[in-house]
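# Residue-level structure breakdown
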Amino acid sequence: MKQFSRLLFISVLYLSSVNADSSLITSLCKHCDDPKLCLSSIYARPESGEFAATTNQIEIIAISAASANASSTSAYIKEMLSREDLEPATEATFEDCQKNYQDAVEQLDDSISAMLTDAHADVDVWLNAAISAIKSCSNELESGAGNDAELSQRNLVFLKLCKNALVINKMLT
């Protein structure tokens, strides 16, 4: 019976800490342009259950979600570039976008490093640099040089993820 009581006590403590974390995440995400994406992207990260106790930690998770999205999109672009039926304009656009996504991943890595040292102004700079890189890709796609609906959609999601992280960062400064 004592073991059951201990287990019940530990379970209640765990659930109360999850609720506290959940309310903090919800509180931060409600200020974002896309609160549902903010919530789902943070909760989808495996570290959100054990590492989301502070606003700084939640922001790191938000940036990690954007980085994972950028890596996934980079892999998509690489797959598209391996196709032999691409027109030259489309291939050139994909190559430029691939470079932009590689830059964005590096900038997000720099953002996480800056977060770890509480350098919120630097986080802002790196997140905005990542956003600029992907806006460049979006502009090329919109100009008609190799338009790809899937990549356009991926760009939109990436931009929203970065903007969510920016909102959270601004709440820390």
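Residues numbered from 1 in each chain as written. Predicted model: local features only at pLDDT ≥ 70, side-chain atom pairs only at ≥ 80, totals over all residues. Heavy atoms only, no water.

Under an unreviewed UniProt entry, the name given to the protein chain is Pectinesterase inhibitor domain-containing protein, and the source organism is Brassica cretica. UniProt annotates the protein chain under Sequence similarities (unreviewed entry) with the comment "Belongs to the PMEI family." (UniProt positions renumbered as here; feature names shortened; annotations may be inferred.)

Attention shifts here to the overall build of the protein chain. Across its full length, the protein chain holds 7 helices and 0 strands. Along the protein chain, from the amino end to the carboxyl end, the secondary structure elements read α-α-α-α-α-α-α. In the protein chain, which comprises 173 residues, the share counted as buried stands at 40%. A sequence separation of at least 24 residues applies to 70% of the contacts in the protein chain between residues at least 6 apart. Summed over its atoms, the accessible surface of the protein chain is roughly 9,500 Å², and 55% of this surface lies on carbon and sulfur atoms. (Helix = DSSP H or I, 4+ residues; strand = E, 2+ residues; numbered from the N terminus. Buried < 20%, exposed > 50% of the residue type's maximum accessible area, 1.4 Å probe, protein only. Contact = heavy atoms within 4.5 Å. Areas by Shrake-Rupley, 256 points an atom, 1.4 Å probe, with all protein chains shown as cover.)

With that settled, consider the state of the cysteines. Each disulfide consists of one covalent bond between the sulfur atoms belonging to two cysteines. Counted according to the given criterion, the structure contains 2 disulfides. Each sulfur of the disulfide joining C29 and C38 lies 2.0 Å from the other. For the disulfide bridge between C29 and C38, the dihedral angle about the S-S bond is near -65°, and by the sign convention the bridge is left-handed. Assigned by exposure class, C29 and C38 land together as buried. Sulfur-sulfur distance for the disulfide between C97 and C137 comes to 2.0 Å. Every disulfide takes its handedness from the sign of the S-S torsion; for C97 and C137 that torsion is 100°, giving right-handed. Residue C97 is located in helix α5 (residues 88-116), and its partner C137 is located in helix α6 (residues 120-142); the two are separated by 40 residues in the primary sequence. Side by side, C97 and C137 carry an identical accessibility label, which is buried. With no disulfide of its own, C32 has C38 as its nearest cysteine by sulfur position, at a separation of 3.9 Å. (Disulfide = S-S within 2.5 Å.)

What follows deals with the nonpolar core. Soluble globular proteins: nonpolar side chains tend toward being buried together. Within the largest apolar cluster, 43 residues are counted, with the highest numbers of intra-cluster contacts made by I42, I63, Y101, L108, L151 and F158. Those elements that provide at least two residues to this core are α1 (2-29), α2 (35-44), α4 (55-81), α5, α6 and α7 (149-172). For this core, the element with the highest residue contribution is α4, accounting for 10 residues. Not counting residues up to four positions away in its chain, the partners in contact with I42 are I25, C29, S48, I58, I61, A62 and I168. (Core = buried A, V, L, I, M, F, W, Y, C linked by side-chain atoms within 4.5 Å.)

Contact pair α2 / α7: the axes reach a minimum separation of 10 Å and the direction vectors enclose 90°. Looking at the two axes, α2 sits roughly perpendicular to α7. Within the contact between the two elements, α2 uses L37, C38, S41 and I42 and α7 uses V157, K160, L161, N164 and I168. (Axes fitted to C-alpha atoms, helices over the stretch in contact; angles between N-to-C directions. Parallel < 35°, antiparallel > 145°, perpendicular 65-115°, else oblique.)

Take the environment of L161 next. Within the element layout of this structure, L161 appears in helix α7. Since its relative accessible area comes to 5%, L161 is described here as buried. Dropping the residues within four chain positions of it, L161 is found in contact with L37, S41, A65, A66 and N69.

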